Amino acid sequence: MAGTGPIRRTIRVANPLGLHFRPAQVFSEAAKKCGAAVTVWHGPNKADGKSLVDLILLVALPDSQLILEVDGPDAGDCFEGLAALLASPGE
């Protein structure tokens, strides 16, 4: 689906501790496996989804609304897995 533009969705942080170190680390490691650019927004703040530090600096508390955007040739293959990680209540 190259050339179709980015895939974007709003996702609620379900983890009762928010997007803390461990889930942010799992997310960034998964994002690094994608050739596509991965960006996460929390309000006006933007993070490179492949950067653990960027993700932590979003300060996404429980029930925060994040926007996940994946843009690139393998975006369709990566998107759902990344979205599930952000929305996961675990860890």
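It should be emphasised that the depicted structure is a prediction, and the values quoted were computed from it without experimental measurement.

Chemist: Can you explain the overall build of the chain? Please cite residues and give values.
Modeler: Within the chain, the secondary structure is distributed over three helices and four strands. By principal-axis analysis of the C-alpha atoms, the chain measures approximately 35 × 25 × 20 Å. Counting across all 91 residues of the chain, residues that qualify as buried make up 35%. In the chain, of all internal contacts separated by at least 6 residues, the share reaching a separation of at least 24 is 70%. Taken as a whole, the chain presents about 4,900 Å² of accessible surface, with 58% of it coming from carbon and sulfur.

Chemist: Account for the packing of helix α1 (residues 21-32) against helix α3 (residues 75-87), naming residues and giving values.
Modeler: Two elements in contact, α1 and α3, have axes whose closest approach is 10 Å; the angle formed by their N-to-C orientations is 175 degrees. Judged on the interaxial angle alone, α3 and α1 are roughly antiparallel. Two secondary-structure elements touch here, α1 through V26, F27, A30 and A31 and α3 through L82, L85 and L86. When grouped by side-chain class, the residues that make up the contact of α1 with α3 number seven nonpolar, no polar and no charged.

Chemist: Describe α1, naming the residues involved and giving the relevant values.
Modeler: With twelve residues, α1 ought to run about 16 Å at 1.5 Å a step, and its terminal C-alpha atoms sit 16 Å apart, in line with that. All buried positions along α1 are accounted for by P23, A24, F27, S28 and A31. End-on view of α1: buried residues confined to an arc of 130 degrees, all on one side of the axis.

Chemist: Account for unusual backbone geometry, naming residues and giving values.
Modeler: Positive phi, close to 50 degrees, is recorded for V59, a residue that is not glycine. Here V59 lies in the loop between α2 (52-56) and β4 (65-71). The exposure class assigned to V59 is exposed, which follows from its relative accessible area of 54%. Even without being a glycine, D63 presents a positive backbone phi close to 70 degrees. Here D63 lies in the loop between α2 and β4.

Chemist: I'd like to hear about the sheet that holds strand β3 (residues 45-48), residue by residue, with values.
Modeler: What the four strands build is an open sheet, ordered β1-β4-β2-β3; its pairing is antiparallel. Sheet topology places β1 (7-12) and β3 at the edges, where each strand pairs with a single neighbour. Across the sheet, the mean angle separating the axes of adjacent strands is 25 degrees when strand polarity is ignored. Note that strand β2 (residues 37-42) and β3 share four bridges and pair antiparallel. Residue pairing for β3: V40 is matched across the bridge by A47.

Definitions and cut-offs
Residues numbered from 1 in each chain as written. Predicted model: local features only at pLDDT ≥ 70, side-chain atom pairs only at ≥ 80, totals over all residues. Heavy atoms only, no water. Helix = DSSP H or I, 4+ residues; strand = E, 2+ residues; numbered from the N terminus. Buried < 20%, exposed > 50% of the residue type's maximum accessible area, 1.4 Å probe, protein only. Contact = heavy atoms within 4.5 Å. Areas by Shrake-Rupley, 256 points an atom, 1.4 Å probe, with all protein chains shown as cover. Axes fitted to C-alpha atoms, helices over the stretch in contact; angles between N-to-C directions. Parallel < 35°, antiparallel > 145°, perpendicular 65-115°, else oblique. Nonpolar A, V, L, I, M, F, W, Y, C, P; charged D, E, K, R; others polar. Expected span 1.5 Å × (residues − 1). Arc of directions from axis to C-beta. Pairing = 2+ DSSP bridges.

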